[in-house]
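A look at the structure
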Amino acid sequence: MLAVVLLLVLAGAGVAVVRPGPVAGWLGGDQESPQAAGVRPDPSPSPVLAGADPNAPLPTSDGVRAALDPLVEAAVLGDRVNVSVADVATGESLFAKGADDGTVPASVTKLVTGVTVLAARGPGYRIPTRAVAGANPGEVVIVGGGDPTLAVDQKGFYPGAARLDDLAAQVKQALGGTAPTKVIVDSSLYSGPTLEPGWDEDIPVGGYGAHITALMTDGARSDVPKAKKDHENGEHAAERVSQPALVAGRAFARLLGVPAGAVSTGRAPAGEGAAAGAPGAELGKVESLPMVRLVDIMITDSDNIIAEALARQVALARNQPASFTGAAAAMDAVAGELGLPADELALADGSGLSRTNRISPSLLTDLITLAASGKHPELAAIFGGLPVGGWSGTLGERYATAGTKPGAGVVRAKTGTLSGVNAIAGLVTTADGRLLTFAVLTDRAGSTDPARIALDRIAAALAGCGCR
């Protein structure tokens, strides 16, 4: 179903990709087909939004300027409003105001994280969590690979996530009659600080951030049942544990029948490919959801913990340290490899929580145009999780006022918010059916709600006009 939905999203967005890539393979499509198994396949969903018209007239720069000039001057947006609007099919710039200026992007940063990890790892990559034999009999080492969605059991926060109870079952089978006596937690894949120095002081305790470690369960949430209920009600903040790796290790130990007092931190013995029973020999492995799905969740829910984990996957793929610094350097390098203006990108994290991040609006519209071009089919997966105005994700409750309603259903974008910072970047279909990409970033804004409405009016103006 996800493969079909992805195709519909791409088609509805007017993305010029005939085949967006080996979608079935990304999602485990080598399994037996429903037809072969004698199971009736689900019917294909019907699109509910009209697709962009490839023959629609191109807006003029003068027309776009006439529509947007009064809106970008709104006092609630502050005195630094940087904007880029471009045509997706041609890449032609239609409106630019401070378009090349680095601006604090907040969570719009996740678009860069998503594109760079899709380029570096590929949509089908799965993050492993491994268990190996320790140096002494009965010792089990759990080795974190950076999967932030790892669950303890079937009651985890992220549907379909890899599970520790599955890993524990593999370990027990591999050990045969040997009872585990000790669990060692190896979270050494990541290096450097677990909190980014540019984060506001309240982020670690405010429910949207956490200590970033290579081993954690449920995005470091401390009360998963409560977090799931809150999430269903639109509240994404959740209390996080202060030692994610150790908490995950203790949960794994319980599943193995090892007491909490026999859990410690350390490193796995060097012994990749070691014979069964030897120190370092693999006892079990579970793997995350495919990268395409992790990117979807990150963008739809603006999940900061997943974002930081995916940024480190870019670092690992480019042989950089899996740290805030290494991830930022790797994302910058991959952006340059893709032909994006990397000199307009300066990152400190992958989530956008850091106020030291800088991204230009034109880099964002270039990124979206590139993802839609078909030149790198794997990047088209970035569109699957984009919230839709008035319908899903962080835009679900927006585009409902008189001045913003034209954007409902036709604006698909990633938002970003910090105190004084409001941003949005994505796609919009004009009244004539032309697909445009836009980015509006302001880092000296006033109150959050009025600033959000002002941003939505800009996107709605593009949706409501032919701008010719």
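Residues numbered from 1 in each chain as written. Predicted model: local features only at pLDDT ≥ 70, side-chain atom pairs only at ≥ 80, totals over all residues. Heavy atoms only, no water.

**With respect to the sheet that holds strand β4 (residues 139–143)**
Convention followed: Strand pairing is assigned whenever DSSP detects at least two bridges linking the two strands. The way it works is that DSSP assigns letters per residue, a run of H or I at least four long becomes a helix, a run of E at least two long becomes a strand, and they are numbered from the N terminus. Where helices are involved, their axes are fitted lines through C-alpha atoms of the stretch in contact, as for all axes, and angles between N-to-C directions lie from 0 to 180°. Should any heavy atoms of two residues lie within 4.5 Å, those residues are counted as being in contact.
Spatially, the five strands line up as an open sheet ordered β6-β5-β4-β3-β7, and their pairing is mixed. Across the chains shown, the open sheet's two edge strands, defined by having one partner strand only, are β6 (263–265) and β7 (282–287). Here the strands of the sheet are splayed against their neighbours by 20 degrees on average, with no regard to which way each runs. Both strand β3 (residues 128–133) and β4 contribute to a ladder of four bridges, which runs antiparallel. The residue of β4 that forms the bridge with alanine 131 is isoleucine 142. Running at roughly 160 degrees to β7, helix α5 (residues 164–175) makes contact with β3, β4 and β7 of the sheet. Sheet strands in contact with helix α7 (residues 244–256) are β3, β4, β5 (182–186) and β6, and its direction is about 150 degrees off that of β5.

**Looking at the nonpolar core**
The criterion, for reference: Here, nonpolar core refers to any group of buried Ala, Val, Leu, Ile, Met, Phe, Trp, Tyr and Cys residues whose side-chain atoms link them within 4.5 Å. Three exposure classes are used, based on accessible area relative to the maximum for each residue type with a 1.4 Å probe and protein chains only: buried under 20%, partly exposed in between, and exposed over 50%.
By size, the foremost hydrophobic cluster in this structure holds 60 residues, and its most contacted members are Leu111, Val295, Leu364 and Ile382. Sorting the residues of this core by element identifies α4 (109–121), α6 (224–232), α8 (291–301), α9 (304–317), α10 (324–337), α11 (361–373), β11 (421–429) and β12 (435–442) as the ones contributing at least two each. For leucine 364, the contacting residues outside a window of four places in its chain are Val108, Leu111, Val112, Ile359, Ala425, Ala439 and Leu441.

**Some points on the pairing of strand β1 (residues 81–87)**
Counting buried positions along β1 yields seven of seven residues, so the element is predominantly enclosed. Taking every second residue as pointing to the same face, both faces of β1 are buried, with Val81, Val83, Val85 and Asp87 on one and Asn82, Ser84 and Ala86 on the other. Pairing of β1 with β12, which is carried by seven bridges, proceeds in the antiparallel orientation. Bridging from a neighbouring strand, valine 85 pairs with phenylalanine 438 of β12. Pairing analysis gives four bridges linking β1 to strand β2 (residues 93–97), with the strands arranged antiparallel. Considered in β2, the bridge of valine 83 is made with lysine 97. Between the antiparallel neighbours β1 and β2 lie five residues, among them glycine 91 with a positive phi of about 80 degrees.

**Thoughts on the environment of aspartate 186**
Applied cut-off: N or O atoms within 3.5 Å of each other form a polar contact, as long as, within protein, one can give a hydrogen and the other can take it, and as long as residues adjacent in sequence are counted only when both atoms are side-chain atoms.
Position of aspartate 186 relative to the elements: it lies in strand β5. Spatially, the C-alpha atoms of aspartate 186 and valine 141 are 6.7 Å apart, while their sequence positions differ by 45 residues. If sequence neighbours within four positions are ignored, aspartate 186 has contacts with Val141, Ile142, Val143, Gly144, Gly266, Arg267 and Ala268. Only 2.6 Å separates the side chain of aspartate 186 from the side chain of serine 188, close enough to count as a polar contact.

**Observations regarding the sheet that holds β2**
The antiparallel open sheet is built from five strands, whose spatial order is β2-β1-β12-β11-β10. Each end of this open sheet is capped by a strand with a single partner; those strands are β2 and β10 (411–418). Adjacent strand axes in the sheet meet at a mean angle of 5 degrees, parallel and antiparallel pairs treated alike.

**Observations concerning the side chain of glutamate 139**
Short version of the rule: Under this rule, positive means Lys or Arg and negative means Asp or Glu; His and the chain ends count for nothing. Salt bridges are defined as contacts in which a side-chain nitrogen from Lys or Arg sits within 4 Å of a carboxyl oxygen from Asp or Glu.
Looking at where glutamate 139 falls in the secondary structure, it is placed in strand β4. The side chain of glutamate 139 sits in the buried core without any salt bridge; lysine 182 is the nearest counter-charge, 4.3 Å away. Once residues lying within four places of it in the same chain are set aside, the contact partners of glutamate 139 are Val132, Ala133, Gly134, Thr181, Lys182 and Ile184.

**Focus on a negative patch on the surface**
Counted only if it meets this: Exposure above 30% relative accessible area and the lack of any salt bridge qualify a residue for a patch; like charges then connect within 9 Å, and the nonpolar side chains Val, Leu, Ile, Met, Phe, Trp and Tyr within 5 Å. In short, Shrake-Rupley with a 1.4 Å probe defines the accessible areas, and a residue's cover is counted only from the protein chains shown. One atom stands in for each charge, and that atom is NZ of Lys, CZ of Arg, CG of Asp or CD of Glu.
A surface patch of like charges, here negative, comprises Asp100, Asp101, Asp343 and Asp366. Within the secondary structure layout, aspartate 100 lies in the loop between β2 and α4. On the accessibility criterion, aspartate 100 (49% relative accessible area) is partly exposed.

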